[in-house]
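The chain contents come next:
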Amino acid sequence: MRILHTSDWHLGAAHCERSRAEEQGHFLDWLLTIIEARQVDVLVVAGDVFDTANPPAEALSLYYRFLARLSALGGTTASGGPRAAVIVGGNHDSASRLDAPRDALEALEAYVIGGYDAAREGAPHADPAGVLVPLRAAGSDVQLILAAVPFLNDWRIGVRGFDASPDEQLTSMHEKFTEVYARLADKASAAFPGVPVVATGHLTCLAQRGTRVTDADGIPCEINRVGTLGAMGPGIFDERYRYVALGHIHRGFAVDGRVRYSGTPLQVGLVEGADDRKVLLVDLDVGGTKVEAIGVPVRRRLLKLAGSVEEIRTKLQALQSIPGELPPYVSIEATLAAPDAGVEAALRDFAQSQRGTSCDVVSVRTAVVRQGGAVDASSAAAFVAALTPESAFEFAWQARYGRDSVPSDPVMQRFRKLVEENSQRGEKAS
Ligand SMILES: [Mn+2]
């Protein structure tokens, strides 16, 4: 059986209010060609299909159109059986919304498990869309079982709360996650003895239990109390699983040979680089498991240009159009010697005036610094006048976490969302 493992599509995600639908659609088109050309048996999406619990219609349309086209794909599969998709919910998805169309999607061989419900673990033959999904090759032989585990709220599976010490909480978290995966492996091997089992998960797992994740991992927000306890280790996955397809961390990497993150196929924010995005092709043979990474073509880059105004001009001049790519979305972070209310417009004009390149400046942030990095107090009044909600937030952040600390993109995104919601509320009220 040949699996294609991907995760964290974040359909419907925008970047600084710019739609990403074009590059998301481009990725899905490309994915279909790979699935057909490489004779994939089962597509596995390990959570965060959508960016928000209530995705825009455009994102829903991309998703359903993709599933319809996947089901209609020609060609054969590696095993000769029907082509299937197994999709689990992530922490960004609404479990119930993802689950709502599951009966209809089953007719397309797309099995959706939006949320975890222990009662639904069920008998796999009685409930083909339960957490255990049996996949058939040519004829009717079950060739592979997917233990399709979505994002699990730790409190729902009984992980000890803040009444326990951090060590006890981490231990309890390990125990409970281990129990869930072991129980599913038991059920799978009881129902289908000898059939290989593959699991999914949407969680934070690193080789060394208790490790803190870093910004380079591109974590949109921490789950399973990782912020206080650190990551879980790969020991939570029963040894009977031949492969574990994980989502949540946006960097693609192997926790160990068997437990892997595919990473997001598209840059979701500035934390993830544009290059080195991939999907994983996983072959389960009698001899063993073979994993091949396939690079996802870049359709649009999200770039950050930082420095003095002069440096930013030079960087804008150096931007080259890349054949096959859409104009990059550029975020500018300019350091100024003195407040300058006109700098934003000037930089946008300058970017527009560049021949031979096209880029879309999506945000300009400025910070006033004098030698040594401190804010110039003599121009404080002008500085305050030039403050935006974002720069005010950044200063508040630095006042609290130190001058070298910068809020990460996910934090900024949440802040912008809050500002936006707040202003919408204000409009409604007025
Ligand atoms: Mn994600």
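What you are looking at is a predicted structure, and each value in this text was computed from that prediction instead of being measured. (Residues numbered from 1 in each chain as written. Predicted model: local features only at pLDDT ≥ 70, side-chain atom pairs only at ≥ 80, totals over all residues. Heavy atoms only, no water.)

### Regarding the overall build of the chain
Okay, step 1: For the chain, the count of helices and strands is eleven helices and 17 strands.
Okay, step 2: Per-residue burial for the chain yields a buried fraction of 50% across its 430 residues.
Okay, step 3: In the structure as shown, the chain presents an accessible area of about 19300 Å², 51% of it carried by carbon and sulfur atoms. (Helix = DSSP H or I, 4+ residues; strand = E, 2+ residues; numbered from the N terminus. Buried < 20%, exposed > 50% of the residue type's maximum accessible area, 1.4 Å probe, protein only. Areas by Shrake-Rupley, 256 points an atom, 1.4 Å probe, with all protein chains shown as cover.)

### Quick word on the sheet that holds strand 11 (residues 253-254)
Okay, step 1: Pairing within the open sheet is mixed, and its six strands lie in the order 7-8-9-10-12-11. Taken across any chain shown, the strands that pair with only one partner, and hence form the sheet edges, are strand 7 (132-136) and strand 11.
Okay, step 2: As paired elements, strand 8 (residues 142-147) and strand 9 (residues 197-202) share three bridges and run parallel to each other. Within the sheet, the bridge partner assigned to I145 lies in strand 9 and is V197. (Pairing = 2+ DSSP bridges.)

### Brief notes about the packing of aromatic side chains
Okay, step 1: Counted under the stated rule, the structure contains nine aromatic pairs.
Okay, step 2: Summarising the aromatic geometry, the rings of F50 and Y63 are spaced 5.0 Å apart at their centres and angled 70° between planes, so their arrangement reads as edge-to-face. Placement of F50 in the loop between strand 4 (42-46) and helix 2 (57-72) and of Y63 in helix 2 is noted, with a sequence separation of 13 residues between them.
Okay, step 3: Of the residues examined, F50 reaches a relative accessible area of 5% and is grouped as buried.
Okay, step 4: Through pairs of rings, three or more aromatic residues link up here, namely W9, F27, W30 and F66.
Okay, step 5: The residue whose ring lies beneath R251 is F253, and the NZ or CZ to ring-centre distance is 4.1 Å. (Phe/Tyr/Trp six-rings, centres within 6.5 Å; stacked < 30°, edge-to-face > 60°. Lys NZ or Arg CZ within 6 Å of the ring centre and 35° of its normal.)

### Here we look at the side chain of R277
Okay, step 1: Structurally, the position occupied by R277 is in the loop between strand 12 (259-261) and strand 13 (278-285).
Okay, step 2: Buried and unpaired, R277 has no salt bridge, with E272 as the nearest side chain of opposite charge at 5.8 Å.
Okay, step 3: The contacts of R277, once residues within four sequence positions are left out, are H250, R251, G252, T264, P265, L266, Q267, E272, I294, G295 and V296. (Lys, Arg positive; Asp, Glu negative; His and termini not counted. Salt bridge = Lys/Arg side-chain N within 4 Å of Asp/Glu carboxyl O. Contact = heavy atoms within 4.5 Å.)

### Some remarks on the packing of helix 7 (residues 309-318) against helix 8 (residues 343-353)
Okay, step 1: For the pair helix 7 and helix 8, the least separation of the axes is 10 Å and the interaxial angle reads 20°. It follows that helix 7 is roughly parallel to helix 8 by the angle criterion. For the pair helix 7 and helix 8, the crossing hand works out as right-handed. Note on element contacts: helix 8 touches helix 7 through V343, L347, F350 and A351, opposite V309, I312, R313, L316 and Q317.
Okay, step 2: Of the residues assigned to the contact of helix 7 with helix 8, the class counts are seven nonpolar, one polar and one charged. (Axes fitted to C-alpha atoms, helices over the stretch in contact; angles between N-to-C directions. Parallel < 35°, antiparallel > 145°, perpendicular 65-115°, else oblique. Left-handed = near helix turned anticlockwise from the far one by under 90°. Nonpolar A, V, L, I, M, F, W, Y, C, P; charged D, E, K, R; others polar.)

### Description of the coordination of the manganese ion
Any two of four tetrahedral donors ideally make an angle of 109.5 degrees at the metal, while pairs among six octahedral donors ideally make 90 or 180 degrees.
Okay, step 1: At 2.0 to 2.4 Å from the manganese ion lie its protein donor atoms, namely D8 (OD), H10 (NE2), D48 (OD) and H250 (NE2).
Okay, step 2: Every donor residue of the manganese ion comes from the same chain, spaced as D-x1-H-x37-D-x201-H. With a gap of 240 residues between them, H10 in the loop between strand 1 (2-6) and strand 2 (14-15) and H250 in the loop between strand 10 (241-247) and strand 11 connect regions that are remote in the sequence. Residues H10 and H250 agree in their burial class; the two are buried. (Donors = N, O, S within 2.8 Å, 3.2 Å for Na, K, Ca; no water.)

### A short note on the sheet that holds strand 16 (residues 329-336)
Okay, step 1: Reading across the sheet, the three strands line up as 15-16-17 and stay open at both edges, with parallel pairing between neighbours. Each edge of the open sheet is held by one strand with a lone partner, namely strand 15 (302-308) and strand 17 (360-368). When the angles between neighbouring strand axes are averaged without regard to direction, this sheet yields 15°.
Okay, step 2: Bridge count for strand 15 against strand 16 is seven bridges, and the pairing is parallel. Residue pairing across strands places L302 opposite Y329, the latter belonging to strand 16.

### Quick look at the environment of L108
Okay, step 1: Tracing the chain through its elements places L108 in the loop between helix 4 (102-106) and strand 6 (110-113).
Okay, step 2: Overall, L108 belongs to the partly exposed group, its relative accessible area being 29%.
Okay, step 3: For the pair L108 and A72, spaced 36 residues apart in sequence, the C-alpha separation works out to 8.6 Å.
Okay, step 4: Ignoring sequence-local partners within four residues, the contact set of L108 consists of L67, A68 and S71.

### Some words on the packing of helix 1 (residues 21-37) against helix 2
Okay, step 1: Close contact between helix 1 and helix 2 brings their axes to 11 Å; oriented N to C, the two are set at 10°. By the angle class used here, helix 1 and helix 2 are roughly parallel. Between helix 1 and helix 2, the residues in contact are A21, Q24, G25, L28, D29, L31, L32 and I35 and E58, L62, F66, R69 and L70, respectively.

Purely geometric stuff here, so don't read any function into it on its own.
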